[in-house]
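Residue-level structure breakdown
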Amino acid sequence: MTTSSNKHTPLHLTLRQTLQQRARNQTLRTLTLPTPNSIDFSSNDFLSLSTNPLYRARYLRHLQALPATHPLASGGSRLLDGNSQYTEQLEHFLAAFHHSPAALLFNSGFDANWGVLSTLPQPDDLVLYDEAIHASAHEGMRRSRTSRLLAFRHSCPAALEAVLRRQVELDPRVRNGERNVFVVVESVYSMDGDVAPLQAFVEVVERWLPAGNGYWIVDEAHATGVVGPRGVGVVQELGLEGRMFVRVHTFGKALGGHGAVVLCDPDTREYLINYARSLIYTTALGFPFLAAIRTVYEMLEGGETVELQDTLHHRIRYLRERLTAIQPADPTLFALHHHPGSPIFSLRCPLPRRLAAACQAKGYVVRPILPPTVPAGQERVRVCLHAGNTEEEIDGLVEVISEWLAEMQEVQPVAKVARL
Ligand SMILES: Cc1ncc(COP(=O)(O)O)c(C=O)c1O
């Protein structure tokens, strides 16, 4: 019998060789531990809520208010023993906050996207998706009941229009409204921090699908808590919630928690409860997770995160100004990609590992992002800002980047050849 201590089986050799190949390609992924006293310019904790004393105190009060007999763990799948009144009340609360007829909790954004995309499009349906959508949406589409899946150029209404128009012209069922057409986008993209042109997108779909067979699925993971009044997200900021079929908000980023909610109509909710395997075959969130979600949404609703949001947006403007000022004339060496209002900054450069290492050596945590997470040629250092980052910290980070750039400019020809 093979045991895990037997490292010389053909399988282990295959695994090792594959990893070695990744290492040679410089794409090997490794786990790292946080460095004590380092300054976070990397996590998705945009509002710095996970270390916020008010959030912590309120959360602990929620936990302490729990009757001694109330179980801490959910004890099973939502469909078996894992449901509770607390869970259902929380879903009502989230639905009301987000102006949605219904809400369904999932254990993560990954599970939510996977569940939605693997189950809702039916065998004959068509799915159009932005080429830059998250891996979880791709995984859901891989398990979709339809194989009619078409990508369109990232955040480009003209590209969506071209794909849709072709389908309308070629396929009478799309034209006459018999075939459902799902359009899948994110509202704020995780790698470049850009906001999708949702209003223009919606107009395209309504122009080409006047029979109403267009169904929007919008992932608001990176907008939740950050964009819109009280952090409601991009869709609600634009007043488009009535036009959406499904919205996914996640709690693991700006909301300092874990899990996700699918906002949809009651029929869709019931369908997901019946068919979404990422909901059915997993233990539901236990009370500590639900209480964290409840706590943060009470804070959002009560306007208690507005000051954090304002501080974050102030810091975003500050970092943007500072990075723009140090941008070299040669954009192949370093180019800032940033969209006003977004806490995510993409520093495109051919040597992201080295730039990240230079920052990390001075105690600033930033991450190099490499293919396959981003397309080849779009390597970058991703910088995420937080409400808790001070202007002094931002000055320190910009200084390190500036010094590194000065050094690189001296050795630029080598840098260009050495790539990565
Ligand atoms: C756009 C987007 N959607 C979904 C997810 C998955 O969310 P979660 O981390 O809650 O699984 C992520 C996480 O990286 C994301 O960036």
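Since the structure is predicted, the reported quantities are computational estimates derived from the model, not experimental observations.

Conventions adopted
Each residue is numbered by its place in its chain's sequence as written, counting from 1. Reporting of local features is limited, given that this is a predicted model, to residues whose pLDDT is at least 70; pairs of side-chain atoms are given and counted only at 80 or more, and all residues count toward the totals for whole chains, interfaces and linings. By convention in this description, side-chain values take in all heavy atoms of the structure and omit both hydrogens and water. Helix and strand assignments follow DSSP, with helices taken as H or I runs no shorter than four residues and strands as E runs no shorter than two, numbered in order from the N terminus. In this setup the radius of gyration rests on C-alpha atoms only. A globule is expected at 2.2 Å times the number of residues raised to 0.38. Three labels apply to residues, based on accessible area from a 1.4 Å probe with only protein chains included: buried if under 20% of the type maximum, exposed if over 50%, partly exposed otherwise in between. In what follows, residue pairs with any heavy atoms lying within 4.5 Å of each other are defined as contacts. Working convention for charge: Lys and Arg count positive, Asp and Glu count negative, and His plus the chain ends are omitted. Think of each charge as sitting on NZ of Lys, CZ of Arg, CG of Asp or CD of Glu. UniProt positions are given in the numbering used here, feature names are shortened, and annotations may be inferred rather than shown by experiment. Patch definition: residues with relative accessible area over 30% and no salt bridge; like charges joined within 9 Å; nonpolar side chains (Val, Leu, Ile, Met, Phe, Trp, Tyr) joined within 5 Å. Using a 1.4 Å probe, the Shrake-Rupley method yields the accessible areas, and only the shown protein chains count as cover for residues. One speaks of a salt bridge when a side-chain nitrogen belonging to Lys or Arg is within 4 Å of a carboxyl oxygen belonging to Asp or Glu. Pairing of aromatic rings covers Phe, Tyr and Trp, the last through its six-membered ring, and needs centres within 6.5 Å; plane angles under 30 degrees mean stacked, over 60 mean edge-to-face, and all others mean tilted. Any Lys NZ or Arg CZ that is within 6 Å of a ring centre and within 35 degrees of that ring's normal is treated as a charge sitting over the ring. Buried and open spaces are told apart on a 1 Å grid over the protein atoms alone, a cavity being a set of points where a 1.4 Å probe fits but cannot get out and a pocket being an open set with protein on both sides within 12 Å along at least five of seven lines. Residues with an atom within 4 Å of a point are the lining residues. Grid points are joined across faces, edges and corners, and a volume is the space filled by probe spheres set on the points. Note that the domain bounds were set by an automatic or database domain assignment. As a working definition, buried area equals the accessible area (1.4 Å probe) given up by two parts on being put together, with both sides summed. A 3.5 Å cut-off defines polar contacts: any pair of N or O atoms within that distance qualifies, except that in protein one atom must be a possible hydrogen donor and the other a possible acceptor, and neighbouring residues in sequence count only when both atoms are side-chain atoms. Basically, the charged four are Asp, Glu, Lys and Arg, the nonpolar ten are Ala, Val, Leu, Ile, Met, Phe, Trp, Tyr, Cys and Pro, and anything else, Gly included, counts as polar. By the convention used here, strands pair only if DSSP detects at least 2 bridges between them. Comment: axis = line fitted to C-alpha atoms, over the contacting stretch for helices; angle = value between 0 and 180 degrees taken between N-to-C directions. Any angle between 65 and 115 degrees counts as roughly perpendicular, while under 35 counts as roughly parallel, over 145 as roughly antiparallel, and the rest as oblique. A clockwise turn of the near helix away from the far one marks a right-handed crossing, whereas an anticlockwise turn of less than a right angle marks a left-handed crossing.

1. Observations concerning the overall build of the protein chain
Helix and strand counts for the protein chain come out as 16 helices and 13 strands. Here the protein chain has a C-alpha radius of gyration of 23 Å; the compact-globule value for 420 residues is 22 Å, and the two agree. Buried residues in the protein chain amount to 50% of all 420 residues. The contacts in the protein chain between residues at least 6 apart in sequence include a share of 73% that link residues at least 24 apart. Across the protein chain, 40 positive and 43 negative side-chain charges occur, with their mean positions spaced 7 Å apart.

2. Some points on the UniProt feature "domain: Aminotransferase class I/classII large" (unreviewed entry) in the protein chain
The residues that UniProt annotates with the feature "domain: Aminotransferase class I/classII large" (unreviewed entry) are residues 38-401. Here residues 38-401 is 40% helix and 15% strand, with 16 Å between the C-alpha atoms at its ends.

3. Points about a negative patch on the surface
A contiguous patch of negative charge, built from Glu 399, Glu 403, Glu 407 and Glu 410, is present on the exposed surface. Locating Glu 410 in the fold gives a position in helix H15 (residues 391-410).

4. Overview of the packing of aromatic side chains
Under the criterion given, the structure shown has ten aromatic pairs. Judged by centre distance (6.1 Å) and plane angle (45 degrees), the rings of Phe 41 and Tyr 364 are tilted. A residue pair is termed long-range when its members are at least 10 positions apart, and Phe 41 in the loop between strand E1 (39-40) and helix H2 (53-64) and Tyr 364 in strand E11 (residues 364-365) qualify at 323 residues. Of the two residues examined, Phe 41 and Tyr 364, each falls in the buried class. Members of the aromatic cluster, connected to one another through ring pairs, are Phe 97, Phe 251 and Tyr 297. The ring of Tyr 275 has Arg 145 lying over it, and the distance from NZ or CZ to the ring centre is 5.2 Å. Directly above the aromatic system of Phe 93 lies the positively charged group of Arg 294, at a separation of 4.2 Å from the ring centroid.

5. What to know about empty space enclosed by the protein
Scanning the model with the defined rule gives one cavity of 30 Å³ or more in all. Surrounding the largest cavity, Arg 78, Gly 82, Thr 87, Leu 105, Phe 106, Asn 107, Ser 278, Leu 279, Thr 282, Ala 284, Leu 285 and Leu 290 form its lining. Put simply, the parts of the chain that give the lining of the largest cavity at least two residues each are strand E2 (102-106) and helix H11 (277-280).

6. Some remarks on the domain arrangement of the protein chain
Along its sequence, the protein chain is organised into domain 1 (35-53 + 305-418) and domain 2 (66-301). Taken over C-alpha atoms, the centre of domain 1 sits 29 Å from the centre of domain 2. With 23 residues of domain 1 at the contact, the number on the domain 2 side is 20 residues. Note on domain 1 versus domain 2: buried area summed over both sides is about 1700 Å², and carbon and sulfur give 58% of it. At the junction of domain 1 with domain 2, the criterion picks out two salt bridges. Linking domain 1 with domain 2 are eleven residue pairs in polar contact (both at pLDDT 80 or more), by the criterion used here. Mapped onto the side of domain 1 that touches domain 2, the elements with two or more residues apiece are helix H13 (306-325), strand E10 (344-348) and strand E13 (380-384). At four residues, H13 tops the list of elements feeding residues into the side of domain 1 that touches domain 2. Of the residues in the side of domain 1 that touches domain 2, the class split is nine nonpolar, ten polar and four charged.

7. Points about the sheet that holds strand E4 (residues 149-152)
Pairing within the open sheet is mixed, and its seven strands lie in the order E2-E8-E7-E6-E5-E3-E4. Where the open sheet ends on each side, the last strands, each with one partner, are E2 and E4. Neighbour-to-neighbour, the strand axes of this sheet turn through a mean angle of 20 degrees, independent of strand direction. Alignment of strand E7 (residues 246-250) against strand E8 (residues 260-264), held across four bridges, turns out to be antiparallel. Across the sheet, residue His 249 finds its bridge partner in E8, namely Val 261. Here helix H10 (residues 266-275) sits on the sheet and contacts E2, E7 and E8; the angle it forms with E2, its principal contact strand, is near 25 degrees.

8. A closer look at the packing of H13 against H15
Relative orientation of the contacting elements H13 and H15 amounts to 25 degrees, with a least axis distance of 10 Å. Viewed along their axes, H13 and H15 adopt a mutual orientation that is roughly parallel. H13 and H15 meet at a crossing whose hand is right-handed. Here His 314, Arg 315, Tyr 318, Leu 319, Arg 322 and Leu 323 of H13 come into contact with H15, specifically with Glu 391, Ile 394, Asp 395, Val 398 and Ile 401. Classifying every residue of the contact of H13 with H15 by side-chain character gives six nonpolar, one polar and four charged.

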